[in-house]
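# Notes for the structure review
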Amino acid sequence: MTPGVGPAVLPEPPGAPRLPGVLHVRFASADGTPVGAGQFEQLLRLLAQFTPTVEALPPDAALVDVRGALRYFDRDAEGIAELIRLRALVWHGVRCTIGVGANPLLARMAAQGAAPGETRAVPDDAEAVAAFLDRRPPSALHGVGPATARALSAYGLDSIGRVAAAPPATLQRILGAKTGRVVHERARGIDPTPVAPNAAARSMGAEHRFAHDELDPVRRRRALLSLADGLGARMRASGQVARALTLTVRYADRSTTTRTRRLDGPTAHGPALTEAAYALHAALGLQRARVRSVALRAEDLCRAELAARQLTFDPSDDKAHRIEAAVDRARARFGAAVVRPAAALGGSSPRRDRPQP
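Residues numbered from 1 in each chain as written. Predicted model: local features only at pLDDT ≥ 70, side-chain atom pairs only at ≥ 80, totals over all residues. Heavy atoms only, no water.

For the α-helix, the turn length of 3.6 residues means that residues three or four positions removed from each other point alike. For helix H10 (residues 217–238), with 22 residues, the first-to-last C-alpha span of 31 Å sits near the 32 Å given by 1.5 Å per residue. Positive phi shows up at glycine 239, right after H10, with a value of about 70 degrees. (Helix = DSSP H or I, 4+ residues; strand = E, 2+ residues; numbered from the N terminus. Expected span 1.5 Å × (residues − 1).)

In structure tokens:
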């Protein structure tokens, strides 16, 4: 098999049982530190040797649908996960924590409960899935944030088992029609979301690691301001703009929350990126969370000259862009640290990934 080229996906025979075949793979260096952007891209190519259905989840994870490759490799999903784990360790010195399930939801949750470097699978059996989910808090479900979990707990629905047993109409009254329906399905282990192959190379990101687990939202916002300002400068220097922004928050227990927001229009403007980052952070409702690091990733990049720009008659907007251009020129001549947002002063410099072409 040619390196970097996955096998053709072989269709499952008609009437074949639906086997667990979705993997959630989380990467970490041997010393436990996150992988860099260049290494992440190499690891995605490793996954592509097994299947073309790979959905990158920057900065350090991916969803992989291997159902069509089971017959090709003559292994079940756990066997393929073991191959991935061994190759990543031997070829790249990276440990993989892998969850195996019948859909992305179960695969993610299996990976959450796995120890570093471990593979954990959820059998595709209704009773086994119910037992796996039963006593976990609603916040363990992907897409259920702190605010939704608090709303459920206020009605005594403080475990996934209780949420699954609640009538759908009750959940819809508490959460709204659409959200209530989705939460009810996920509490029963149902997730029809497909693994969507994407191009991780069309993004660039940066991460800020706090010296101590951070409880202060002001310091977290300061870090986000610095990250957004740096991302905007890097995009403008490379002639690119982003259509979306992703925030990843890593907590003291090493778990993470990732949220993505589509921007109003393609942009590399620092204030627009900062506003989106603040909105993503506020939506998480992190009142007492101990945050170890925050990361921003500019997604769906395109060339600036090909992107449409919303016209405005606001003179302050034009002034902000002119000031930003002057700052870019100063940084290009005297260094990136010569000009920084005033509100970002007092925090340490963020760690950044290499921009991805």
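And the narrative resumes.
A word on the pairing of strand E9 (residues 291–299). Regular strands place side chains that alternate from one sheet face to the opposite one. The element E9 is extensively covered by neighbouring structure, given that eight of its nine residues are classed as buried. As judged from the seven bridges shared by strand E6 (residues 204–214) and E9, these two strands associate in the antiparallel manner. Counterpart to histidine 208 in the pairing with E9 is valine 294. As defined by bridge partners, strand E7 (residues 240–251) adjoins E9 across eight bridges and the pair is classed as antiparallel. Paired with leucine 247 across the two strands is leucine 296, which belongs to E9. (Buried < 20%, exposed > 50% of the residue type's maximum accessible area, 1.4 Å probe, protein only. Pairing = 2+ DSSP bridges.)

With respect to the helices, strands and loops of the structure, threonine 274 is situated in helix H11 (residues 270–284). Leaving out residues up to four positions away in the same chain, threonine 274 has contacts with Leu225 and Ala228. (Contact = heavy atoms within 4.5 Å.)

Let's shift gears to unusual backbone geometry. Residues other than glycine seldom take positive phi values, yet aspartate 74 does so here, at roughly 55 degrees. With respect to the helices, strands and loops of the structure, aspartate 74 is situated in the loop between helix H2 (70–73) and helix H3 (77–92). Despite not being glycine, aspartate 300 shows a phi value in the positive range, around 55 degrees. Looking at the element boundaries, aspartate 300 is found in the loop between E9 and strand E10 (302–303).

It is worth spelling out the pattern of salt bridges at this point. Where charged atoms from two side chains of opposite charge come close, those side chains can pair. Following the criterion strictly, the structure yields twelve salt bridges and no others. A salt bridge links arginine 219 to aspartate 216; the shortest N-O distance between them is 3.3 Å. Of the charged contacts in the structure, one is a salt bridge between arginine 262 and aspartate 300, with a shortest N-O distance of 3.4 Å. One end of the pair, arginine 262, is in strand E8 (residues 256–267); the other, aspartate 300, is in the loop between E9 and E10, with 38 residues separating them in the sequence. Residue classification places aspartate 300 among the partly exposed positions, given a relative accessible area of 23%. A cluster of three or more residues bridged by salt bridges with shared partners is formed by Glu214, Asp216 and Arg219. (Salt bridge = Lys/Arg side-chain N within 4 Å of Asp/Glu carboxyl O.)

Here five strands make up an open sheet; going across it, the order is E2-E3-E1-E4-E5 and the pairing mixed. Both outer strands of the open sheet, strand E2 (54–57) and strand E5 (119–121), are each paired with one neighbouring strand and no more. Adjacent strand axes in the sheet meet at a mean angle of 15 degrees when their direction is disregarded. Sheet topology places strand E1 (residues 22–29) next to strand E4 (residues 94–101); eight bridges connect them, and they run antiparallel. Residue pairing for E4: valine 25 is matched across the bridge by isoleucine 98. In this fold H3 packs onto E1, E4 and E5, with an angle of close to 170 degrees to the strand it touches most, E4. In the packing of helix H4 (residues 104–112) onto the sheet, the strands contacted are E1, E2, strand E3 (61–65), E4 and E5, and the crossing angle to E4 comes to about 135 degrees. (Axes fitted to C-alpha atoms, helices over the stretch in contact; angles between N-to-C directions.)

On to the packing of aromatic side chains, then. One pass over the full model with this rule turns up three aromatic pairs. Relative to phenylalanine 40, the ring of phenylalanine 27 has its centre 6.3 Å away and its plane inclined at 70 degrees; by these criteria the two rings are edge-to-face. Taken together, the positions of phenylalanine 27 in strand E1 and phenylalanine 40 in helix H1 (residues 37–48) put the pair 13 residues apart, joining distant regions of the chain. Side by side, phenylalanine 27 and phenylalanine 40 carry an identical accessibility label, which is buried. Through pairs of rings, three or more aromatic residues link up here, namely Phe50, Tyr72 and Phe73. (Phe/Tyr/Trp six-rings, centres within 6.5 Å; stacked < 30°, edge-to-face > 60°.)

Take the confidence of the model for the protein chain next. Taken as a whole, the protein chain shows an average pLDDT of 83; of its residues, 82% reach a score of 70 or greater. Confidence scores differ between elements of the protein chain, with strand E11 (residues 351–352) showing the lowest mean pLDDT of 45 and helix H7 (residues 160–165) the highest of 96. Across residues 347–357, where pLDDT falls below 50, the model places 36 contacts with residues more than four positions away in sequence or in other chains. (pLDDT = per-residue confidence, 0-100.)

Counting 32 residues, the largest nonpolar core has Met235, Leu245, Leu247, Val249, Val291, Val294 and Leu296 as the members making the most contacts within it. For this core, the leading source of residues is H10, giving seven residues. Leu23, Leu46, Leu70 and Val94 belong to the second largest nonpolar core, which has 28 residues in total. (Core = buried A, V, L, I, M, F, W, Y, C linked by side-chain atoms within 4.5 Å.)

Before going further, it helps to spend a moment on the side chain of arginine 234. Note that arginine 234 resides in helix H10. Classification of arginine 234 by relative accessible area gives buried; the value is 11%. At 3.1 Å, the side chain of arginine 234 and the backbone oxygen of glycine 205 are in polar contact. (Polar contact = N/O pair within 3.5 Å; in protein donor to acceptor, adjacent residues only side chain to side chain.)

Moving on, we get to the packing of helix H8 (residues 168–175) against helix H9 (residues 177–187). Two numbers describe how H8 lies on H9: the axes approach to 7 Å, and their chain directions differ by 130 degrees. With respect to H9, the element H8 is oriented oblique. For H8 against H9, the interelement crossing comes out right-handed. Contact with H8, carried on its side by Pro168, Leu171, Gln172 and Leu175, involves Ala177, Thr179, Gly180, Arg181, Val183 and His184 of H9 and no other residues of that element. In terms of residue class, the contact of H8 with H9 is made up of five nonpolar, four polar and one charged. (Parallel < 35°, antiparallel > 145°, perpendicular 65-115°, else oblique. Left-handed = near helix turned anticlockwise from the far one by under 90°. Nonpolar A, V, L, I, M, F, W, Y, C, P; charged D, E, K, R; others polar.)

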